Amino acid sequence: MSPIYLTMPAHSLAAAFFGLALILHAAAAAAFFASAEPLKAPDLRQCQKAVATSPNPTDNTTMVLDCCLPWYNRPLLDFSWDRYPVQQQKIRRPAHKADADYIAKLNRAYELMRALPDDDPRSFEVQANMHCAFCNGAYKQLDTNITLQVHFSWFFMPWHRLYLYFHERILASLLGDPSFALVYWNWDNQILSNDTDHIGNNMPRYFTVKDTPLYDAKRDRDHTPASELVRINVASNVTTTDTPEEIAQENLNILYQSLVTANTADMFMGGAYRQGTDLSNSSVTDAPLGGSLELNVHSGIHYWTGDPNRKLRSNMGVFTTAARDPIFYAHHANVDRLWDVWTTLPGGCRKDPTDEDFLEAEFLFYDENKNLVKVKAKDALDLSKMGVSYEAATEGDDLWKNFDPKPAAGNEGSQVQYAIDQMGVKEVSAALDNTAKAINLGSNFTALVKLPTKSTMGSGSSSEVDDEQLDEVLVIQGVDMSREDYVNLKVFVNMPTADTKTAIYTAEYVGSASIVPSPDAGKRLFTNVAMEVGDNLRRLGLDSEEYVVVTIVVDSFSGSPVTIRGIKIEYRSTMCTAISSSA
């Protein structure tokens, strides 16, 4: 069904696009592991139209789309490995390495899926609507009036893994080939070559061939040529990173910050989301904002691919229509692969959550026989049981795993005295509670922040934790903004003059927080944003200093004010036992 476009006054716009930039973490470990009640499968008979609104105040339109899923009066199946045994191992390979025969098979699979009637649960229409429905408010949590959302929390990765699993089973069934596997778009691979048909970091050429099942006209026309490199940080206004080499360096630092330094599940996967969690009415204690992979890297690729000349950058640029582009599934296959790679990296506690509210959460999908199946998050945690594996991309992965960001040229040594003498920068301390005085960030804000010592770790810390098992974490406390605005916060240390044009491939760049809005008029977001900063401090030689300079650069589409209550840097343990017992 075609989307309907409605005009809205600019002052009432609520941006629902997932943004083009990044967020590392916005929920304390205690909230992440606390127990309440696991999410229940929704009632598909209770559906409303999905809504997305523009993040751009000059594009004051709202997209309304009927994404309601077909309902059949037949038994709901409970997923089990006995019911869905592995028929044949599926090996997902890099898209840029697919040969002519496999490209033909991939096209044939989507040709068959597109040929099905729109009301067939296996059809491309329903498969696309599945993503739309659970991402843009078509369904409520069971027996509540709270919108169900599978993004921005610890469910982002397991839900999408299961989505790909059933999508792939349907394609394999249509082909009559149980070995059929999706390809993964290897955009994290920053190996450069003049042979643009065989590098990972561009759009695979066979997805750009018109009048084929893999083509989608609603893409950024400047980005679809196979020679155009993917730029993950699409929100950036950096003018010094226009060469392929510099773009690769920028991408590598984003990947490094998103996967290597984010070394615990809550930092990487996102905060807890339980039955009753309301993303439109969150607070500092219960806001389950997304993890580093979701809103650092994943969202950037969506925005880079979407068409800026169409409403809300559809298709890929907005949740409502993203899965209508076949490259969506190759993109998410790589996101899924990176989750698998993350668990193998050294350091920290790189384990999936063990909270029962995570493991027992319920989702609904259609299988290759048109059955509606109830699946739990725990069913997504073992790829071998699913019969899925990924061909290794070791050479490309090693580039971001071992990335070595250097201090910006001419920025050696602490910039604290410069910030005090030349800019009049003052210290900002930690807020003791939510009643602390609000600080308006403006377009950028610079502060002196005191570094922690072992004596300031607090009563809950253990003296038996080694230094190697502690990470310095920067916490921006009480971030307060309208839920109707899209805001990106870029964070730098030791860079007091940072602005929207400052390069992000240096050691001073800590990360970005994309606060993704909700279409709820009058609602506000009040939460904490946390980023691992210890790696930056050590690279800059500042980990023994008393104070460091922290700069927050604000990019707001509508210019609405953003305030905070405090900034602190604290030690957090990366030991699994310390994290799991922190509740």
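> How would you summarise the side chain of Asp-177 if you had to cite specific residues and measurements?
Note that Asp-177 resides in the loop between helix 4 (156–175) and strand 6 (183–184). Among the polar contacts made by the side chain of Asp-177, one reaches the side chain of Lys-105 at a distance of 2.8 Å. In this structure the side chain of Asp-177 is engaged in a polar contact, spanning 2.6 Å, whose partner is the side chain of Ser-179. In contact with Asp-177, not counting residues within four places along its chain, are Lys-105 and Ala-172.

> Explain the state of the cysteines to me, and be specific about the residues and the numbers.
Within this structure, the stated rule accounts for 3 disulfides. Disulfide pairing is shown between Cys-47 and Cys-68; the S-S distance is 2.0 Å. With the S-S bond torsion at -95°, the cross-link from Cys-47 to Cys-68 turns out left-handed. Highlighted residues: Cys-47 in the loop between helix 1 (29–33) and strand 2 (50–53) and Cys-68 in the loop between strand 3 (61–65) and strand 4 (77–78), separated in sequence by 21 residues. Relative accessible area serves as the criterion here: at 27%, Cys-47 is assigned to the partly exposed category. Taken in N- to C-terminal order, the disulfide-linked cysteines of the protein chain are connected 1-3, 2-4, 5-6. There is no disulfide at Cys-135, and the cysteine sulfur nearest it, in Cys-132, is 7.7 Å away. Of the residues examined, Cys-135 reaches a relative accessible area of 3% and is grouped as buried.

> I'd like a rundown of unusual backbone geometry, residues and numbers included.
Although it is not a glycine, Asp-143 adopts a positive phi angle of roughly 60°. Within the secondary structure layout, Asp-143 lies in the loop between helix 3 (124–135) and helix 4. In the Ramachandran plot, Asp-211 falls in the positive-phi region, its phi being about 60° despite a non-glycine side chain. Here Asp-211 is to be found in the loop between strand 6 and helix 5 (244–260). Asp-211 sits in the exposed class, given a relative accessible area of 79%.

> Summarise the pattern of salt bridges; cite the residues concerned and give the values.
The final tally for this structure, using the stated rule, is 32 salt bridges. The partner of Arg-122 in a salt bridge is Asp-120, and the shortest N-O contact between them spans 2.9 Å. Each member of the pair, Arg-122 together with Asp-120, is buried. Between Arg-337 and Asp-397 there is a salt bridge, and its shortest N-O distance comes to 2.9 Å. Pair noted here: Arg-337 is in helix 9 (residues 327–342) and Asp-397 is in helix 12 (residues 394–401), with a separation of 60 residues, a long-range link. Asp-397 shares its class with Arg-337; the two are buried. The structure contains a network of salt bridges with shared partners spanning Arg-92, Arg-161, Glu-168 and Asp-336.

> Give me the pairing of strand 7 (residues 362–366): which residues, what numbers.
The buried fraction of strand 7 is high, at 5 of 5 residues. Burial along strand 7 is two-sided: Glu-362, Leu-364 and Tyr-366 and Phe-363 and Phe-365, pointing in opposite directions, are all buried. One ladder, built from 5 bridges, connects strand 7 with strand 8 (residues 372–376); its direction is antiparallel. Of the residues in strand 8, the one forming a bridge with Glu-362 is Lys-376.

> Pulling in residues and values, what's your account of the pairing of strand 5 (residues 90–94)?
Relative to strand 9 (residues 388–390), strand 5 is paired through 3 bridges, and the arrangement is parallel. Looking at the pairing, Ile-91 lines up with Ser-389 of strand 9. As defined by bridge partners, strand 5 adjoins strand 6 across 2 bridges and the pair is classed as parallel. Residue Pro-94 lies in a different strand from strand 6, and its bridge partner there is Tyr-184.

> Requested: an account of the sheet that holds strand 5, with residues and values cited.
With respect to topology, 3 strands assemble into an open sheet ordered 6-5-9, the strand pairing being parallel. Each edge of the open sheet is held by one strand with a lone partner, namely strand 6 and strand 9.

> Quick rundown of the side chain of Asp-471? Include the residues and the values.
Take Asp-471: it is sitting in strand 12 (residues 470–482). Polar side-chain contacts of Asp-471 include one of 3.0 Å to the side chain of Asn-263. Dropping the residues within four chain positions of it, Asp-471 is found in contact with Asn-263, Glu-532, Arg-538, Glu-570, Tyr-571, Arg-572 and Thr-574.

> How would you summarise helix 4 if you had to cite specific residues and measurements?
Given a rise of 1.5 Å per residue, 20 residues ought to cover 28 Å, and the 29 Å separating the end C-alpha atoms of helix 4 matches this to within 8%. In terms of burial, helix 4 is a largely internal element, 17 of the 20 residues being buried. A positive phi of about 70° marks Gly-176, the residue just after helix 4.

> Could you give an account of the environment of Glu-570, with specific residues and numbers?
On the secondary structure map, Glu-570 appears in strand 18 (residues 566–573). The residues contacting Glu-570, other than those within four sequence positions of it, are Pro-452, Asp-471, Glu-472, Val-473 and Val-475. Only 3.1 Å separates the side chain of Glu-570 from the side chain of Lys-568, close enough to count as a polar contact.

> How would you explain the packing of helix 9 against helix 12 if you had to name every residue and give the values?
Two elements in contact, helix 9 and helix 12, have axes separated by 13 Å at closest approach and are oriented at 65°. In terms of axis orientation, helix 9 runs roughly perpendicular to helix 12. With respect to the hand of their crossing, helix 9 and helix 12 are arranged in right-handed fashion. Every residue of helix 12 that contacts helix 9 at Arg-337, Leu-338 and Val-341 is listed here: Asp-397, Trp-400 and Lys-401. The residue inventory of the contact of helix 9 with helix 12, partitioned by class, reads 3 nonpolar, no polar and 3 charged.

About the cut-offs
Residues numbered from 1 in each chain as written. Predicted model: local features only at pLDDT ≥ 70, side-chain atom pairs only at ≥ 80, totals over all residues. Heavy atoms only, no water. Helix = DSSP H or I, 4+ residues; strand = E, 2+ residues; numbered from the N terminus. Polar contact = N/O pair within 3.5 Å; in protein donor to acceptor, adjacent residues only side chain to side chain. Contact = heavy atoms within 4.5 Å. Disulfide = S-S within 2.5 Å. Buried < 20%, exposed > 50% of the residue type's maximum accessible area, 1.4 Å probe, protein only. Salt bridge = Lys/Arg side-chain N within 4 Å of Asp/Glu carboxyl O. Pairing = 2+ DSSP bridges. Expected span 1.5 Å × (residues − 1). Axes fitted to C-alpha atoms, helices over the stretch in contact; angles between N-to-C directions. Parallel < 35°, antiparallel > 145°, perpendicular 65-115°, else oblique. Left-handed = near helix turned anticlockwise from the far one by under 90°. Nonpolar A, V, L, I, M, F, W, Y, C, P; charged D, E, K, R; others polar.

This is a description of form; function is not addressed.
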